[in-house]
Amino acid sequence: ADEQVAVGALLVSATLYGGLLSSSHLKALFLKLHRPMKVIDGQAYLDLALRWRGQDDSETRRWFPDALSLCLYARLPEAVVSGHESENAKSVSAKGLWRPIKAWFKYAKVARRDLPTSLTDFLEKASQWNALEAPGSGPGVQTGRSGPGSSSTSIWHRPHRTTAE
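Bear in mind the structure is a predicted one, so any value in this text is a computation, not a measurement. (Residues numbered from 1 in each chain as written. Predicted model: local features only at pLDDT ≥ 70, side-chain atom pairs only at ≥ 80, totals over all residues. Heavy atoms only, no water.)

1. Describing helix H1 (residues 2-16)
Compared with the 21 Å implied by 1.5 Å per residue over 15 residues, the 21 Å span of H1 between its first and last C-alpha is a close match. The buried fraction of H1 is high, at 12 of 15 residues. Every buried residue of H1 is listed here: Val5, Ala6, Val7, Gly8, Ala9, Leu10, Leu11, Val12, Ser13, Ala14, Thr15 and Leu16. (Helix = DSSP H or I, 4+ residues; strand = E, 2+ residues; numbered from the N terminus. Expected span 1.5 Å × (residues − 1). Buried < 20%, exposed > 50% of the residue type's maximum accessible area, 1.4 Å probe, protein only.)

Right, here's the structure in full:
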């Protein structure tokens, strides 16, 4: 149960503060839980493999986490990190992502009336909150357009070449 709460805390933080506002981004993060973050120019990051045009792992986005998400990632229990490799994580569904998020909300004692009802509901509310808190700025997916949901390339960008690891 503690492992579920730890993963849930990370997924909630990555959504609210780290700009991972879609289930595909959260799934990509979930699939990296057993990998250490990489560092370039003093900034920790993960290359998240995303599905594109029906193909798994066909697009990569570099995610530079916010401070809270980075701390939660670094403090994941060993059972999560070591146990994650052995399970068939590729088949994780929206329900599989929702389970730890829901466990975290329960642990945080969020009132039942305030709870999102599903992963989709949570992501919709997080997107609305993100747009209200900092429209046109902050973390998010680099889309090449300005306005809500876009961000500077210092938070998100597509790696175009292999970097030294």
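2. Points about the pattern of salt bridges
Scanning the entire structure with this criterion turns up two salt bridges. When the shortest N-O distance is used, the salt bridge between lysine 125 and aspartate 121 registers 3.3 Å. With lysine 125 and aspartate 121 both in helix H6 (residues 119-133) and four residues apart, this pair spans about one turn of that helix. (Salt bridge = Lys/Arg side-chain N within 4 Å of Asp/Glu carboxyl O.)

3. Focus on the packing of aromatic side chains
Taken as a whole and assessed by the stated rule, the structure comprises five aromatic pairs. Summarising the aromatic geometry, the rings of tyrosine 45 and phenylalanine 64 are spaced 5.7 Å apart at their centres and angled 45° between planes, so their arrangement reads as tilted. Of this pair, tyrosine 45 sits in strand E2 (residues 43-52) while phenylalanine 64 sits in the loop between strand E3 (55-63) and helix H3 (67-74), and the two are 19 residues apart along the sequence. Tyrosine 45 sits in the buried class, given a relative accessible area of 1%. Its relative accessible area of 10% is what places phenylalanine 64 among the buried residues. Judged by centre distance (6.5 Å) and plane angle (50°), the ring pair of tryptophan 98 and phenylalanine 105 falls under tilted. Summarising the burial analysis for this pair, tryptophan 98 and phenylalanine 105 share the class buried. Taken together through their ring pairs, the aromatic side chains of Trp98, Trp104, Phe105 and Phe122 make up a single cluster. (Phe/Tyr/Trp six-rings, centres within 6.5 Å; stacked < 30°, edge-to-face > 60°.)

4. Regarding the environment of aspartate 47
Relative to the helices and strands, aspartate 47 resides in strand E2. Given the relative accessible area of 16%, aspartate 47 is considered buried. Residues aspartate 47 and glutamate 59 lie 12 residues apart in sequence; the distance between their C-alpha atoms is 9.8 Å.

5. Quick look at the nonpolar core
Judged by nonpolar contacts, the single largest core of 31 residues is most densely connected at Leu29 and Ile101. Secondary-structure elements contributing two or more residues to this core are H1, helix H2 (23-30), E2, helix H5 (94-107) and H6. Counting residues per element, this core draws most heavily on H1, which supplies seven residues. In this structure leucine 29 touches Leu10, Leu11, Ala14, Leu20, Leu46, Leu48, Trp63 and Tyr73, once residues within four positions along its chain are discounted. (Core = buried A, V, L, I, M, F, W, Y, C linked by side-chain atoms within 4.5 Å. Contact = heavy atoms within 4.5 Å.)

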